[in-house]
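Observations on the model geometry
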Amino acid sequence: MEGKEGRSGTASSSSVIADWSLVFWTLCAVILPVLITLWCSFQRSRRQVLIRDIFRKSKHDWHYTDLFGQPSYCCVCAQHILQGAFCNCCGLRVSERCLRKADQLFLCKEIMMRSNGGAHSSMPHHWIRGNVPLCSCCMICKQQCGTQPKLCDYRCVWCQQTVHDECMMDCLKTEECTFGEFRDLIIPPYYLSTINQMRKDKRTSYEKVVPYCRKHWMPVIILTNTRSGNNMGETLLGEFKILLNPVQVFDLSKITPAKALQLCTLLPCNAVRVLVCGGDGTVGWVLDAIDEMKIKGQERYIPQVAILPLGTGNDLSNTLGWGAGYAGEVPVEQILRNVMEADGIKLDRWKVQVTNKGYYNLRKPKVFTMNNYFSIGPDALMALNFHAHREKTPSLFSSRIINKAVYFFYGTKDCLVQECKDLNKKVELELDGERIELPNLEGIIVLNIGYWGGGCRLWEGMGDEPYPLARHDDGLLEVVGVHGSFHCAQIQVKLANPVRLGQAHTVRLILKSSKMPMQVDGEPWAQGPCTVTITHKTHALMLYYSGEQTDDDASSMSEQDHVREQTDEDL
């Protein structure tokens, strides 16, 4: 009996031990991964803090990536790396552990040469070893560089020329850099050092410094809106900094156009070109800053403006030959070539004044500047709904395709609801002081440029009817009417013509009753009874690129040629 009790006690105690053992290992299985995750997270955050501290103190424009887009080797230890840091200005690539050492060993692009007491008119190559561009050729033997799976060959950060390790000679290290293909667009560091010395000496005759540069020098300033459209701005900033002087590349999320354009005052008169990377709204922002330069008395420094379309509609860009949208399909080098080849033209800019009705209205009239078009009706309603939706959930609107899909949704909805019907009973229209009898309409659109609604040539319609030629520099506005959203869709696919109401130098529209959606260049709002007056404000100097022509553009080539000829005569 006692033996049975002893055996049962031993069995129960062993079962308890087994239970506790199971509990222990279960807790280990649960807690240990959590502890490891927390430790890794702590180490990662600590590493990121250290990296950010190095980035902040460094003279390089470092950016961290989890995966390089092409085979890369650390410029310090020469090991193959999948992730690490790269400099947006000089193109250095290093592993994380070599980051601090790379800061000490390698100089970044100098935006301004160190002054040695004298004026400079040249500078030597700045060579960086390894990670040369694919398909680049040696400047000595003309054979392909970067073909070996290791850190090899050299690249000049200014002229972008490459040379093999075995072809590198001492004379090349001191040879004068020509700045390569884009020498006429780059602001040389020695030019800025000379200007800086002149400012210290209180001399402002910067034109005398031009011979230090080149005869056909047309320096370009890059203004990029990293928040536009398809979020390609960050990538473009780095690619432009590699090819140009970083001092001439600006991020408009960090600096305003007005401040960035003050660089024009340090450059030759009537020679600067500006490339705006963004949507039509960004272009309007830059043109407003240029108007401020005119007010300050800086007319002789006014630049000519080219466009790289990153927005959703991009109608102004399309009108000026720069395309309906950019998604990385054209190399940055080709974009700079297009800017050099582009022709100067003028663009009308218009003042839109909205005066609210009412005897006791003490508010000042709303004043807008119009580059593209003004509208009241269904397209303004679509823009208003889109704008309200984007304000609520901005993260959803990071793609041009999604943006257009949302526009399509609201356009389809308006076809069924028809919120803007009987517009002709609610408004009066005057063109150059003459009252226009309106047919049954839902919308009125006042055009300054050829394109509207993301690529539609609204004034031309199907092109099967005679119509007066429309230009964007003749001081005339084209006024059309539409019967609704479905009519707009028919016009966009060339199945219908708009209701052409006329052309005028001054447009006056009176909203007699109710509240209606309005927009100026894609900026919508809901407006009560008011008087809208559109008058000519000024001209903007733009760049027209004729390299790529669509079928629609081919029909109006003679018109564009006439515009350029007229501009050349004026200039």
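All values derive from a computational prediction rather than experimental measurement.

**Quick look at helix 4 (residues 189-200)**
- In this model helix 4 runs 17 Å from its N-terminal to its C-terminal C-alpha over 12 residues, within 8% of the 16 Å that 1.5 Å per residue would give.
- What helix 4 keeps buried is the set Pro189, Tyr190, Tyr191, Leu192, Ser193, Thr194, Ile195 and Met198.
- Positive backbone phi, at 60°, marks Lys202, one or two positions downstream of helix 4.

**Let's talk about the pattern of salt bridges**
- The tally for this structure, following the rule as stated, stands at 11 salt bridges.
- Its salt-bridge partner being Arg349, residue Asp288 comes within 2.8 Å of it at the nearest N-O pair. In this pair, Asp288 is assigned in helix 7 (residues 280-295) and Arg349 in strand 13 (residues 343-356), connecting sequence segments 61 residues apart.
- Looking at Arg349, the relative accessible area reads 1%, which means it is buried.
- Residues participating in the shared-partner salt-bridge network are Asp288, Asp291, Lys294, Arg349 and Lys537.

**Focus on helix 7**
- The first and last C-alpha atoms of helix 7 sit 23 Å apart over 16 residues, in line with the 22 Å expected at 1.5 Å per residue.
- Residues Asp280, Thr282, Val283, Gly284, Val286, Leu287, Ala289, Ile290, Asp291 and Met293 constitute the buried set of helix 7.

**Some details on the sheet that holds strand 20 (residues 499-504)**
- Ordered in space as 20-19-18-15-22-23, the 6 strands form an open sheet in which the pairing is antiparallel. Of all strands in the sheet, those bounded by a partner on one side alone are strand 20 and strand 23 (523-527). With strand direction ignored, the average angle separating the axes of adjacent strands in the sheet is 15°.
- Across 4 bridges, the pairing between strand 15 (residues 373-376) and strand 18 (residues 443-447) is antiparallel. Pairing of Ser375 across the sheet is with Ile445, part of strand 18.

**Quick word on the layout of surface pockets**
- Reported here for the second largest pocket is a volume of approximately 920 Å³.
- Together, 32 residues line the second largest pocket, and Gln70, Arg93, Gly238, Glu239 and Ile242 are the ones closest to its centre.
- Put simply, the parts of the chain that give the lining of the second largest pocket at least two residues each are strand 1 (62-65), strand 4 (84-87), helix 5 (233-243) and helix 9 (332-341).
- Counting residues per element, the lining of the second largest pocket draws most heavily on helix 5, at 6 residues.
- Residues of the lining of the second largest pocket, tallied by class, amount to 14 nonpolar, 13 polar and 5 charged.
- Residue contributions to the lining of the second largest pocket reach at least three from each of two domains, namely domain 1 (58-109) and domain 2 (218-341).

**Comments concerning the UniProt feature "transmembrane region" (unreviewed entry) in the protein**
- UniProt annotation of "transmembrane region" (unreviewed entry) refers to residues 20-42 when read in the numbering used here.
- With 100% helix and 0% strand, residues 20-42 has end C-alpha atoms that lie 32 Å from one another.

**Details of the packing of aromatic side chains**
- A full pass over the atoms with the stated rule returns 6 aromatic pairs.
- Where Trp158 meets Phe179, the ring centres are 5.7 Å apart and the plane angle is 70°; that geometry is what we call edge-to-face. In this pair, Trp158 sits in the loop between strand 7 (154-156) and strand 8 (162-163) while Phe179 sits in the loop between helix 3 (170-174) and helix 4, placing the two residues 21 residues apart along the sequence. Here Trp158 and Phe179 have matching classes, each one buried.
- Ring centres of Phe179 and Tyr190 lie 6.2 Å apart, and the angle between their planes is 65°; this geometry places the pair in the edge-to-face category. Of this pair, Phe179 sits in the loop between helix 3 and helix 4 while Tyr190 sits in helix 4, and the two are 11 residues apart along the sequence.

**Here's the deal with the pairing of strand 11 (residues 273-278)**
- Burial within strand 11 is extensive, with 6 of its 6 residues counted as buried.
- Neither face of strand 11 is open: one carries Arg273, Leu275 and Cys277, the other Val274, Val276 and Gly278, and all of them are buried.
- Inspection of the sheet shows strand 9 (residues 220-224) paired to strand 11 by 5 bridges, in the parallel sense. Note that in strand 11 the partner of Leu223 across the bridge is Val276.
- As paired elements, strand 11 and strand 12 (residues 304-309) share 6 bridges and run parallel to each other. Counted as the bridge partner of Arg273 is Gln304 from strand 12.
- Each parallel crossover has a hand, and the one from strand 11 via helix 7 to strand 12 is right-handed.

**Re the sheet that holds strand 7**
- Ordered in space as 6-7-8, the 3 strands form an open sheet in which the pairing is antiparallel. Of all strands in the sheet, those bounded by a partner on one side alone are strand 6 (127-129) and strand 8.

**Some points on the nonpolar core**
- Membership of the largest hydrophobic core comes to 100 residues, with the highest contact counts inside it found for Phe240, Leu275 and Met542.
- Per element, the largest residue contribution to this core is 6 residues, and it comes from helix 7.
- Two domains share this core, each providing at least three of its residues, namely domain 1 (58-109) and domain 2 (218-341).
- Val354, Val427, Leu438 and Trp525 belong to the second-largest nonpolar core, a separate cluster that totals 32 residues.

**Description of a nonpolar patch on the surface**
- Judged by side-chain polarity, Val16, Trp20, Val23, Leu27, Val30, Ile31, Leu32, Val34, Leu35, Ile36 and Leu38 come together as a nonpolar surface patch covering roughly 1000 Å² of accessible area.
- Positionally, Leu32 belongs in helix 1 (residues 2-57).
- Overall, Leu32 belongs to the partly exposed group, its relative accessible area being 49%.

Reading the values: rules and limits
Residues numbered from 1 in each chain as written. Predicted model: local features only at pLDDT ≥ 70, side-chain atom pairs only at ≥ 80, totals over all residues. Heavy atoms only, no water. Helix = DSSP H or I, 4+ residues; strand = E, 2+ residues; numbered from the N terminus. Expected span 1.5 Å × (residues − 1). Buried < 20%, exposed > 50% of the residue type's maximum accessible area, 1.4 Å probe, protein only. Salt bridge = Lys/Arg side-chain N within 4 Å of Asp/Glu carboxyl O. Pairing = 2+ DSSP bridges. Axes fitted to C-alpha atoms, helices over the stretch in contact; angles between N-to-C directions. 1 Å grid on protein atoms, 1.4 Å probe; cavity = no way out; pocket = protein on both sides within 12 Å on 5 of 7 lines; lining within 4 Å. Points joined across faces, edges and corners; volume = space filled by probe spheres on them. Nonpolar A, V, L, I, M, F, W, Y, C, P; charged D, E, K, R; others polar. Domains from an automatic or database assignment. UniProt positions renumbered as here; feature names shortened; annotations may be inferred. Phe/Tyr/Trp six-rings, centres within 6.5 Å; stacked < 30°, edge-to-face > 60°. Right-handed = clockwise from strand over helix to strand, strands pointing away. Core = buried A, V, L, I, M, F, W, Y, C linked by side-chain atoms within 4.5 Å. Patch = residues over 30% accessible without salt bridge, like charges linked within 9 Å, V, L, I, M, F, W, Y side chains within 5 Å. Areas by Shrake-Rupley, 256 points an atom, 1.4 Å probe, with all protein chains shown as cover.

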